[in-house]
Structure formats: C-alpha cells, structure tokens
Amino acid sequence: MSKFTRSLAELLGRDPKKPQPDEISPEAKQIHIEVRADKTRIEKIRLELAHKAKHGQPEKLRRIRWSVLIAVNLLFVVSFVLDIQLLEGALTASRFVGFHMADLNSALQVILAFKHVVINLLIGTVTVFIMWWLLGGRTFCSWVCPYHLLAEWAEILHVYLAKKKIVKDHPFDRRARTWFWIIFAVLALVTGYTVYETISPTGILSRALIYGPGIALIWVALLLLFEIFYSRRAWCRYACPIGLTYGLVGATSPFKIQYHLDSCFHEGECRKVCLVPHVLDTVIMGRARGLNVDIGADCTRCGRCVDTCPTSSLTFKFKGLGNLL
Amino acid sequence: MSNAKKLSRPLAQRARRKFLRSVALGAGVIGASLLGFIPVLQQWVVRLRPPGALTEQKFLASCIKCGQCVQVCPVEAIKLAELDEGFGVGSPYLDARAQACDFSCDGLQCVLACPTGALTHEINYPHETDMGIAKVVRPDTCLAVLGQGFKGQARGAEFKGLLRYEEVDRWKPILVRDHPYDLELCDLCVRQCPIEIRIAQCEAGKPPSDDENQCPPQHAIRLEAIEDSEGSKRMRPVILDGCVGCGVCEMICPVEPTVIEMDSSASRGISV
C-alpha cells in the first residue's frame, strides 16, 4: 500500500496497521533495533519531561495558533462593525478585499442541492481550494474554525475531569465521519436543501460572532457538553464532514508535519495531545517505515505535537522549502 | 475490582459497544439535522426575501448563509433567520414593518454581493425585483380612507427605521423620525413608494443615475377617490401591477397596526 493510499484510508477511518518488515527501510530497521537496546535514553527523557511538566513550559505554537484563529474570526467581525470591507461575509462564504472565497464544504452542499454553480461561487471555491491545498487542508480546522477553539477548551475540561475519574472518554468508530460526509452529500442532492448547514457548528458560530447570537448556539452548547462529559473531541474526530473535506484537499499538500525517527525516544507525549492520534501511529516504537515520515492527511497541522515533543522529532515541513521551525 | 473487570471484558463486546454507540451518534446527528425539514415543509413562516431571491426551495438550496447581503444593505433591512426556521437558519429575510427595502442603493447591492446566485444576478433594477406584493389588509383604518391628514413622525419618536429622502441626502438614508410630515390627506404609502418616486423622477426628465433603464414601466400604487354623495376628499390606496413588494408602504404606514402588509407567498412560489 502506498504512502498516499494509507494516508487516505486512515483519513476515511481505517485503523493504522503495523508495518510489515519489508515495508521498513533498512536505516529505520537499524534504529528500531538500537532504540530497543537502549532503555536508559528513555528514562532520561522521562525525567526531563517531569521537570518540564513541573515548571510549566507554555505551548508556544498553541498560543500563536489561537491568536491566528481569533484574529481571523475577529477580522470578519471588525470588518462588518466598522464597515471597512476587508473581509465581508462569514466563514461559509466571504470576500477578502473584494475577492470571492467560499468554504469548500458549504460550497459542495450548495452545488449538490442547487445543482448549478454561478461563476462567483466557482471563483471562491477554486481560490479556497488552492489556498488550503497549499496550507495543508485540515489546517483550516485548527487554525481558523471557531468551533475548534471552543472544543479545545472543552477538551481541557474533559481531560481534567477524566483525570479526576469524574468522566470517561467514549470513543466512536472513526468511519462514522465518512458516513456523515456521504449521507449529508446524498441528502443535499436528494432533498435539494443544504441539510448539513443547519447543524454546522462552524457556520453557526461564525454567523453568531458576526451577526449576533441566536438560538442555534444551543446546539453548539449541546455538542460541547457532549464532548466534556461523554466523548473527547467527538465532533471534530468522528462527525464533522468539513474536516473530511479539508482532509481530502490536504492529502496531497506540500505542507505537513514530518516525523524524524532518529531523534525520537518514543515517549508518546505527542499522541496524548493529538486531536487525531491515529496519524501518529508511526511514532510508536518499531512502527516508522522510514527515517523521515510525513504525517497523514487527517492531521490538522495544529502543532501541538511539535510543541510537546521533547526531542524536536516532529517538525513542520513545506516540501521544497526545507524544514520550517 | 472494576479495573480487573474492565480488562477481562471481552474485546468483541467492547467493539460491539463502540459500533452501537457510533450508530447511535449517526442516528442522532442525522436526525437532528433532518428536524430542519419540519419548519420548511410546514411553512411555519413565509418570509419576505431580499430582491432577486429565487423561489423558496431553490433559494434555500443555493443560499450559502454568509450574510454578505446583510453587510452591504445601506438601510440594514436584511436579517438572518434563526434555527427555528430549520433549513432556513442563517438565510436572509426582511421584516418590512421594522425596516423595508427602499432601494436606496439603486444598484441592488445585495444581489451583487450574493456569491451563489440565491439572489439572482439576472436583475439590475428595482422594478425588476419580485419580493412580493403589497396588500391593503385593513382599509377601514386607513387615514386616507377616513379622509384624514397626517402630521408628525410617521412611526413615532422611537422608530429606528431608515429611508432615503433624495431632497435631504442623495446618498445617505436618514431616520424616518427625523423627517416629520405635514399632510392634508395622508398619502405616505404612495409618496414614499420607491417605484412611484422613480416614475416621478423619470417623468421630470431626471431618471436615477441618469439611466433610462432605471425607469419603472408600471405604477405600483395610487390613491383613488372614493365616490360618495357628500363629495368629500376621501381616498383609498390601490396596489397596481408595478408593485415589487419592497415593503416601504408597510413600513411608513402611520396606523397601528399597519393598513398595508407584504404578501410574498406567490413570489416565493408558496401556495397558502
């Protein structure tokens, strides 16, 4: 199975599989053997991690990302309130200094329901497609989507409560999201209504921010409560078709997170913070197929693993530009 | 104890639970989204939509719910629907009594702003729109019918509605309450009708933006004398074929409740 099909299959919900011995490059094999033999290295890192936890290193990238997310959403608000026509509209469709942009999933819903594409929508869709292809697809989720930010806050609460054994995480089958994507596409096509837009927390929140709150926020609140008390990050992980749409766009993106086997000590800190830990299956001891492994399409490029990794074994990578950060 | 139990729970059972949970999640989310069908199918409300709106089903199919039409409207006439309108959530509508479309943008800015063609790009001028039609629903209370004049602020001192008065400011709409009237016989619905204003401008040889195409081909509303033996000055408003349903007459009517209301059902393709 090629790297690309594996990434797609995992995006659509397949569980990651252990690599067959013949899939692992000789250099990677060599490192797998060495790491197994050297247990003291891992112990040393554990001590360092404990130290780091005590002295509370801030997650730098997370702060940057939250600032970007808030800034983008505020730009919509400010643009309307001050009537400066910088970024008009909402996240579902907008104009940036006059240039059309359309959310890819909203555009898809409209195209399927309306069965007709006007030129402005086409321009907006193509522009946004190219933009998010360059920026990594699901980058939209963690760097722009307002629901993602609320869900991150809800997640902090969930993790805290789970630690206190007050709540327990109930994972769902990740293939559910693929089914949602298909069902909502079919519903739009058959009913002629953009059914998903009715419950899209992204659209609801974006409009609430710009045009004022409404009763639709109750739905968003219910989702957040569900995530706090029942299932960690459930909407983004198992349900949101927008995430899958952008995941597909980013599958061939030049921008991704890259894993470096030679410096990794396999403590698994990255997997603990990751929204989509299945994409980090490769960091488990003995699973990396090569020395440098591109992380799959479901990755939102949020950078929490980059922040968390004590040995800088995960980095942003823009193909053709060398290592960023 | 409970830990040991958990570990010994067969893997297959856990997998089955996860599967059932996932099916329940699917049913829940899809079910919740399909609830949006109810207000639409039952036609709980028939909204007055912005100029150029396609018939209701096509409109809801094509509207991407971005609110760009809201942002460009100079009189802020457009609002976005709440979740109780189901699939219509986030779609634009007007509450004519609170703020009608007075076409003070002339160029149909909302139509130009719409990215999906839910507001059709095939129209260019106010008289080409078909938002609905005005209906005289309470003729008995109409001041003109009663033969009365009107003096003061059309909708009172609290009213926040805007209108463009060309003689005040060609570009900037002002508060209706800042433009009091003194009329011998109330003719506000005719006087402020954007279509009638345009016709008058064209007849005076000064079409809006010096564009002949801005001239409406048909009248929208007029006052007709009521024939009676006493020879009084009583008149009644009559809606004509040129009415586009913009709602200005509904908004400006000083009577509570309004004498004229918009009916958008035929324009929306909805049979009531």
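Residues numbered from 1 in each chain as written. Chains lettered and ligands numbered in written order. Predicted model: local features only at pLDDT ≥ 70, side-chain atom pairs only at ≥ 80, totals over all residues.

1. Considerations on the interface of chain A and chain B
What counts here: Throughout, a residue-residue contact means that the two C-beta atoms, derived from backbone geometry, are no farther apart than 7 Å. Put simply, DSSP marks the helices as runs of H or I at least four residues long and the strands as runs of E at least two long, and each gets a number from the N terminus on. Polar here means any residue other than Ala, Val, Leu, Ile, Met, Phe, Trp, Tyr, Cys and Pro, which are nonpolar, and Asp, Glu, Lys and Arg, which are charged; Gly is therefore polar.
Across the boundary between the two partners, chain A contributes 44 residues, which contact 37 residues of chain B. A per-element tally of the side of chain A that touches chain B places helix H10 (residues 195–199) of chain A first, with five residues. Here the residues of the side of chain A that touches chain B are counted per class, giving 26 nonpolar, 13 polar and five charged.

2. Re the domain arrangement of chain A
All names here are of chain A. Operational definition: Where each domain starts and ends follows an automatic or database-derived domain assignment.
For chain A, the domain assignment lists domain 1 (3–37 + 254–324) and domain 2 (65–248). One C-alpha centre belongs to domain 1, the other to domain 2, and the line joining them spans 27 Å. The interface is formed by 15 residues belonging to domain 1 together with 18 residues belonging to domain 2. Here the side of domain 1 that touches domain 2 is built from residues that sort into nine nonpolar, three polar and three charged.

3. Considerations on the nonpolar core
How we decide: The term nonpolar core refers to a set of buried Ala, Val, Leu, Ile, Met, Phe, Trp, Tyr and Cys residues connected through C-beta atoms within 7 Å. Working definition of burial: number of other C-beta atoms within 10 Å of the residue's own, with buried at 20 or more, exposed at 12 or fewer, and partly exposed in between, all C-beta atoms being placed from the backbone.
The biggest cluster of nonpolar side chains holds 152 residues, and the ones touching the most others in it are Cys-69, Cys-110, Cys-189, Cys-193, Ile-221 and Cys-249 of chain B. The element that contributes the greatest number of residues to this core is helix H5 (residues 104–114) of chain A, accounting for eight residues. Shared between two domains, this core holds at least three residues of each, these being domain 1 (3–37 + 254–324) and domain 2 (65–248) of chain A. Once residues lying within four places of it in the same chain are set aside, the contact partners of Cys-193 of chain B are Ala-220, Ile-221, Val-248 and Cys-249 of chain B.

4. Focus: unusual backbone geometry
The omega torsion of the bond from Glu-256 of chain B to Pro-257 of chain B falls at -10°, within 30 degrees of zero and hence cis. For Pro-257 of chain B, the position within the fold is in the loop between helix H9 (248–252) and strand S10 (260–263). Phi angles above zero are rare outside glycine, and Ser-312 of chain A is one such case at about 50°. Positionally, Ser-312 of chain A belongs in the loop between helix H16 (304–308) and strand S6 (314–318). In the Ramachandran plot, Ser-209 of chain B falls in the positive-phi region, its phi being about 55° despite a non-glycine side chain. By the C-beta count within 10 Å, which is 9 here, Ser-209 of chain B ends up exposed.

5. Here we look at the environment of Lys-18 of chain B
Within the element layout of this structure, Lys-18 of chain B appears in helix H2 (residues 11–34). Along the chain, Lys-18 of chain B and Arg-97 of chain B lie 79 residues apart, while their C-alpha atoms are 53 Å from each other. Sequence-distant contacts of Lys-18 of chain B, that is, excluding residues within four places in its chain, are made with Pro-171, Phe-172 and Asp-173 of chain A.

6. Some thoughts on helix H2 (residues 26–37) of chain A
Residues three or four positions apart in an α-helix share a direction because the helix packs 3.6 residues into each turn. Filter applied, for reference: Expected helix span is computed as 1.5 Å times (number of residues minus one).
Between its first and last C-alpha atoms H2 of chain A spans 17 Å; for 12 residues at 1.5 Å apiece the expected length is 16 Å, and the two agree. Burial runs low along H2 of chain A: only one of the 12 residues are buried.

7. Here we look at the packing of helix H9 (residues 175–191) of chain A against H2 of chain B
The test is simple: What counts as an axis is a line fitted to C-alpha atoms, over the stretch in contact for a helix, and the angles between N-to-C directions run from 0 to 180 degrees. In these notes the angle categories are as follows: under 35 degrees is roughly parallel, over 145 is roughly antiparallel, 65 to 115 is roughly perpendicular, and the rest is oblique. When the near helix sits turned anticlockwise from the far one by under a right angle, the crossing is termed left-handed; a clockwise turn instead gives a right-handed crossing.
Running from amino to carboxyl end, H9 of chain A crosses H2 of chain B at an angle of 30°, the nearest separation of the two axes being 10 Å. When the interaxial angle is binned, H9 of chain A and H2 of chain B end up roughly parallel. You can see that H9 of chain A and H2 of chain B cross each other, and the crossing is right-handed. Every residue of H2 of chain B that contacts H9 of chain A at Ala-176, Trp-179, Phe-180 and Ile-183 of chain A is listed here: Ser-22, Leu-25, Gly-26, Val-29 and Ile-30 of chain B. In terms of residue class, the contact of H9 of chain A with H2 of chain B is made up of seven nonpolar, two polar and no charged.

8. Structural notes on the packing of helix H11 (residues 201–211) of chain A against helix H12 (residues 217–229) of chain A
Residues and elements named next belong to chain A. At their nearest, the axes of H11 and H12 sit 9 Å apart, and the two run at 125° to each other. Taken together, the axes of H11 and H12 are oblique relative to one another. Considering how the two elements wind past one another, H11 and H12 form a crossing that is left-handed. On the side of H11, the interface is formed by Pro-201, Ile-204, Leu-205 and Ala-208, while H12 contributes Leu-217, Trp-219, Val-220 and Leu-223. Of the residues contributing to the contact of H11 with H12, the split by class is eight nonpolar, no polar and no charged.

9. Some points on the pairing of strand S1 (residues 87–90) of chain A
Residue and element names in this part refer to chain A. Stated precisely, the cut-off is as follows: A pair of strands counts as paired when DSSP detects no fewer than two bridges linking them.
In terms of strand pairing, S1 meets strand S2 (residues 93–96) through four bridges, oriented antiparallel. Directly across from Gly-89, in S2, lies its bridge partner Ser-94. Joining the antiparallel neighbours S1 and S2 is a turn of two residues.

10. Thoughts on the pairing of S10 of chain B
Residue and element names in this part refer to chain B. The two faces of S10 differ: Ile-260 and Met-262 on one face are buried, but Glu-261 and Asp-263 on the other face are not. Bridge count for strand S3 (residues 133–136) against S10 is four bridges, and the pairing is antiparallel. Along S10, the bridge assignment pairs Lys-135 with Glu-261.

11. What about the sheet that holds S1 of chain A?
Residue and element names in this part refer to chain A. Read from one edge of the open sheet, three strands run S1-S2-S3, paired in antiparallel fashion. Edge positions in the sheet fall to S1 and strand S3 (99–102), since each of these pairs with one other strand and no more. Pairwise comparison of adjacent strand axes, ignoring direction, gives a mean angle of 15° for this sheet. Across the sheet, helix H6 (residues 119–135) touches S2 and S3, and the angle it forms with S3 is around 75°.

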